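# Structural overview
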Amino acid sequence: ALLAAAIAVPIGLAAAVGLAGRRSLLTRAILAVPLATSAVVIGFGILVTYDESPVDFRAQWWLVPCIHAVVALPFVVRSSLSVAESIPQGLREAAAVLGASPIRRWWTVDAPLLTPALTTGLGLSAALSLGEVGASSLLTRQGDRTLPIVVDQLLGRSGDLAFTTAMAAATLLLALTSLIVIAFDSTMRTR
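These remarks concern the structure in this document. Within each chain, residues carry numbers counting from 1 in the order of the written sequence. With pLDDT at 70 or above as the cut-off, local features in this predicted model cover only qualifying residues; side-chain atom pairs require 80 or more to be listed or tallied, and sums for whole chains, interfaces and linings still use all residues. Excluding hydrogens and water, the side-chain figures rest on all heavy atoms present in the structure.

Bringing the overall build of the chain into the picture now. Only DSSP runs of H or I covering at least 4 residues are called helices, and only runs of E covering at least 2 are called strands; the numbering of each starts at the N terminus. Within the chain one finds 10 helices and zero strands. Mapped in sequence order, the helices and strands of the chain form the string α-α-α-α-α-α-α-α-α-α. With respect to the principal axes defined by its C-alpha atoms, the chain has extents near 70 × 45 × 25 Å. Across the 191 residues in the chain, those meeting the buried criterion constitute 35%. Taking as baseline every contact in the chain between residues at least 6 positions apart, the subset at least 24 positions apart corresponds to 73%. A 1.4 Å probe and the Shrake-Rupley method give the accessible areas. Residues count as covered only by the protein chains that appear here. With the model as given, the accessible surface of the chain reaches about 10,900 Å², and the carbon-plus-sulfur share is 68%. Positive: Lys, Arg. Negative: Asp, Glu. His and the chain ends are not part of the count. To locate a charge, the coordinates of NZ of Lys, CZ of Arg, CG of Asp or CD of Glu are taken. Measuring between centres, the 13 positive side-chain charges of the chain sit 10 Å from its 11 negative side-chain charges. Three labels apply to residues, based on accessible area from a 1.4 Å probe with only protein chains included: buried if under 20% of the type maximum, exposed if over 50%, partly exposed otherwise in between. Residue contacts are counted whenever heavy atoms from the two residues lie within 4.5 Å of one another.

This part takes up the packing of helix H1 (residues 2-19) against helix H7 (residues 102-131). The relative placement of two packed helices is expressed as an angle between their axes plus a distance between the axes. At a minimum axis distance of 9 Å, the contact between H1 and H7 shows a crossing angle of 135°. Judged by the angle between their axes, H1 and H7 are oblique. Pair H1 / H7 crosses with right-handed handedness. Taking contact as the criterion, the partners of Ala4, Ala5, Ala8, Val9, Leu13 and Val17 in H1 are, on H7, Trp106, Leu114, Leu118, Gly121, Leu122, Ser125, Ala126 and Ser129. For every element, the axis is a line fit to its C-alpha atoms; helices are fit only across the contacting stretch, and the angle between N-to-C directions ranges from 0 to 180 degrees. Should an angle fall under 35 degrees it is called roughly parallel, over 145 degrees roughly antiparallel, and 65 to 115 degrees roughly perpendicular, with every other angle called oblique. For any helix crossing, the convention is left-handed if the near helix is rotated counterclockwise from the far helix by under a right angle, and right-handed if that rotation is clockwise.

Looking now at the pattern of salt bridges. Note on definitions: salt bridges are taken to be side-chain nitrogens of Lys or Arg within 4 Å of carboxyl oxygens of Asp or Glu. One pass over the full model with this rule turns up one salt bridge. For Arg92, the salt bridge goes to Asp110, with nearest N and O atoms at 3.0 Å. With Arg92 in helix H6 (residues 89-97) and Asp110 in helix H7, this pair connects stretches of sequence that are 18 residues apart.

Quick look at the packing of H1 against helix H5 (residues 63-85) now. Remark: H1 packs on H5, axes separated minimally by 7 Å, with the N-to-C direction vectors making an angle of 35°. Relative to H5, the crossing made by H1 is right-handed. Across from Leu3, Ala4, Ile7, Ala8, Val9, Ile11, Gly12, Leu13, Ala15, Ala16, Val17 and Leu19 in H1, the residues of H5 making contact are Pro65, Cys66, His68, Ala69, Ala72, Leu73, Val76, Val77, Ser80, Leu81, Ala84 and Glu85. Gly is placed with the polar residues, together with every amino acid not listed as nonpolar (Ala, Val, Leu, Ile, Met, Phe, Trp, Tyr, Cys and Pro) or charged (Asp, Glu, Lys and Arg). Classifying every residue of the contact of H1 with H5 by side-chain character gives 20 nonpolar, three polar and one charged.

It is worth spelling out the environment of Gly21 at this point. Inspection of the secondary structure puts Gly21 in the loop between H1 and helix H2 (25-31). Linking Gly21 and Val48, residues 27 residues apart in sequence, is a C-alpha distance of 37 Å.

On the surface, Leu35, Phe75 and Leu124 cluster together into a nonpolar patch covering about 230 Å² of accessible area. Tracing the backbone through its elements, the reader meets Phe75 in helix H5. For Phe75, a relative accessible area of 31% translates into the label partly exposed. Patch definition: residues with relative accessible area over 30% and no salt bridge; like charges joined within 9 Å; nonpolar side chains (Val, Leu, Ile, Met, Phe, Trp, Tyr) joined within 5 Å.

Let us now look at the environment of Pro74. Relative to the helices and strands, Pro74 resides in helix H5. Between the alpha carbons of Pro74 and Ala135 there is a distance of 16 Å; along the sequence they are 61 residues apart.

The structure is reproduced here in structure tokens:
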């Protein structure tokens, strides 16, 4: 979840800042494709696309966090875009008049105003990654299963021990997701 958030947030934030002030419907539609597409379809597409050498990525450990980041990317872009569009251009111009370089303007004007969107994007992408089961069901291997996949596999077995273990794993998943949401919500309230 943390790796998926670390991938989705910078890309989503850069896309939102790049789209701010522009009315590119095609780019916005492309960035929203994971919302309209099932995660199972995305996972299946990756499975059949990257199954031949030299790009046989199906057994790589980083593939599942990358797919989770793709699923979370539209949420990060949507949470950041309105904030990026609401930054007054006059603040950037005033910083430029005062001699700030473009990088300095970014750190002193844009970054503090985008911090709530960044925090929201981190929380959303981490929570979505924890609960994502569609693409993970196709892409995980025996050694790197996600918690929702473990719950699903345990519920598929018969017996009280498997059911009890599945309920414990589901409770752990619920607690982790709740902890992430509460942590990022309290961070947003202190700002």
